Amino acid sequence: MNLSVTNLLDSQFVNDVDRALRRTGADAEYLVFEITENLILADPHRARETVIALRQRGIRISLDDY
């Protein structure tokens with residue numbers, strides 16, 4: 001699933017993902033979010049926090065245009 005800069009920098013995004021996983025019963029380990037390096041450059045600190053929080057839930061992150 002592709003992430004936009006809006007998703008990556010939204011302070012509620014991780015909570016929204018948590019709610020969606022609970023509501024659907026989906027297993028986080030099967031979810032892969034794809035981001036581009038320019039998304040990270042928009043706000044490296046916030047992007048890092050979001051990526052770490054997603055990884056802690058077992059969600060995989062894929063870098064596109066690397």
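Residues numbered from 1 in each chain as written. Predicted model: local features only at pLDDT ≥ 70, side-chain atom pairs only at ≥ 80, totals over all residues. Heavy atoms only, no water.

Visitor: Mind laying out the packing of helix H2 (residues 13-24) against helix H4 (residues 44-56), listing which residues take part and the relevant values?
Guide: Packing of H2 against H4 brings their axes to within 10 Å, and their N-to-C directions diverge by 20°. As the angle between them shows, H2 and H4 are arranged roughly parallel. Crossing geometry of H2 relative to H4 is assigned as right-handed. Residues Phe13, Val14 and Val17 of H2 touch H4, and the partners they reach there are Thr50, Ala53 and Leu54. Looking at side-chain class alone, the contact of H2 with H4 contains 5 nonpolar, 1 polar and no charged residues. (Axes fitted to C-alpha atoms, helices over the stretch in contact; angles between N-to-C directions. Helix = DSSP H or I, 4+ residues; strand = E, 2+ residues; numbered from the N terminus. Parallel < 35°, antiparallel > 145°, perpendicular 65-115°, else oblique. Left-handed = near helix turned anticlockwise from the far one by under 90°. Contact = heavy atoms within 4.5 Å. Nonpolar A, V, L, I, M, F, W, Y, C, P; charged D, E, K, R; others polar.)

Visitor: I'd love a proper account of H4, names of residues and values included.
Guide: With 13 residues, H4 should cover 18 Å at 1.5 Å per step; its first-to-last C-alpha distance of 18 Å lies within 8% of that length. Those residues of H4 that fall on the buried side of the exposure criterion are Ala47, Thr50, Val51, Ala53 and Leu54. The arc that holds every buried residue of H4, seen down its axis, measures 160°, which confines them to one face. Opposite the buried face of H4, by more than 90 degrees, sit the exposed residues His45, Arg48 and Gln56. Residues of H4 that are buried sit in contact with helix H1 (5-9), H2, strand S1 (32-36), helix H3 (37-42) and strand S2 (60-64). In the segment just after H4, Gly58 is the residue with positive phi, at about 95°. (Expected span 1.5 Å × (residues − 1). Buried < 20%, exposed > 50% of the residue type's maximum accessible area, 1.4 Å probe, protein only. Arc of directions from axis to C-beta.)

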